[in-house]
Amino acid sequence: MGHPIIAPSILAADFSKLHEALLALEKAKADWIHVDVMDGHFVPNLTIGPPVIKALRPCTELPFDVHLMIENPELSLNQYAEAGADRISVHAETCPHLHRTLTQIRELGCKSSVALNPSTPASAVENVLHLADMVLVMTVNPGFGGQSYIPEMTTKIRAIRDRANQLGLTELRIQVDGGISPATIAHAAKAGADTFVAGSAIFKSNDYAATIAQMKSKASP
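Residues numbered from 1 in each chain as written. Predicted model: local features only at pLDDT ≥ 70, side-chain atom pairs only at ≥ 80, totals over all residues. Heavy atoms only, no water.

A. Spatial organisation of helix 1 (residues 18–27). Within the sequence span of helix 1, burial applies to Leu18, Ala21, Leu22 and Leu25. Take helix 1 and look down its axis: the buried residues cluster within an arc of 100°, on one side only. Where helix 1 is buried, its residues touch strand 1 (5–8), strand 2 (33–38), helix 2 (50–56), strand 3 (64–69), helix 7 (200–203) and helix 8 (208–219). Phi for lysine 29, located one or two positions after helix 1, is positive at around 70°. (Buried < 20%, exposed > 50% of the residue type's maximum accessible area, 1.4 Å probe, protein only. Helix = DSSP H or I, 4+ residues; strand = E, 2+ residues; numbered from the N terminus. Arc of directions from axis to C-beta. Contact = heavy atoms within 4.5 Å.)

B. Broad picture of the side chain of threonine 139. Within the secondary structure layout, threonine 139 lies in the loop between strand 6 (134–138) and helix 5 (153–166). At a separation of 2.7 Å, a polar atom in the side chain of threonine 139 contacts the main-chain carbonyl oxygen of glycine 178. (Polar contact = N/O pair within 3.5 Å; in protein donor to acceptor, adjacent residues only side chain to side chain.)

C. Representation of the pattern of salt bridges in the model. According to the stated counting rule, one finds 6 salt bridges in the structure shown. Between aspartate 31 and lysine 216 there is a salt bridge, with the nearest N and O atoms lying 3.2 Å from each other. Within this pair, whereas aspartate 31 is found in the loop between helix 1 and strand 2, its partner lysine 216 is found in helix 8, the two being separated by 185 residues in sequence. Taking relative accessible area as the criterion, aspartate 31 reaches 18% and is therefore assigned buried. (Salt bridge = Lys/Arg side-chain N within 4 Å of Asp/Glu carboxyl O.)

D. Structural context of the nonpolar core. Among the nonpolar cores identified, the biggest contains 65 residues, and Ile10 and Phe196 are the most heavily contacted of them. Within the second largest apolar cluster, 5 residues are counted, among which are Ile5, Ala7, Trp32 and Val197. (Core = buried A, V, L, I, M, F, W, Y, C linked by side-chain atoms within 4.5 Å.)

E. Local environment of the sheet that holds strand 1. The parallel open sheet is built from 8 strands, whose spatial order is 1-8-7-6-5-4-3-2. Across the chains shown, the open sheet's two edge strands, defined by having one partner strand only, are strand 1 and strand 2. Between one strand axis and the next, the sheet turns by 25° as a mean value, whatever way the strands run. Packing of helix 5 onto the sheet brings it into contact with strand 5 (111–116), strand 6 and strand 7 (173–177), and relative to strand 6 it is tilted by some 165°. (Pairing = 2+ DSSP bridges. Axes fitted to C-alpha atoms, helices over the stretch in contact; angles between N-to-C directions.)

The structure is reproduced here in structure tokens:
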């Protein structure tokens, strides 16, 4: 496991003030910026795409962690890489040729990640762990912010961490996304997660820096 990474999701930010939000998160010592991309098909919502990511890229030096909740992601990976994505997550549920898609992400110069919906078992990624820099365990059903952490996902996190350790993939990061807050982060961390997406917990707080520091403390071994 790596040191705890906090990746605030700008889905919870004021979209009319994204530049200001990035500057505030940088000042608050966030580690990454999590960018949720939704297509209205795979998930019931629409958000942003490559043009917005490209426009935001000069606003901060923090890595862009781009989560593609879209169908046929392999058709547009190059657009996200060119827009400035540092990491790209694709869903196992949308990738019939997952080996090829993860390889394509790495060939584009980005870190590769595979995401799993709550109902998708940990075994779905067992055969591609060596091609992934990260596994993203959705701890809510994707599509909307502000949902509550699903406790059953803790077992899935532990199963993926155990399997990664068995395979000697000690540098594999496990990210969790959904309902992560100072009250829930320790549960995911103890199970083996080391990378945490938080939206409402940060953007609805009065002090971004204090909230991020508290979450890092609770996620540390």
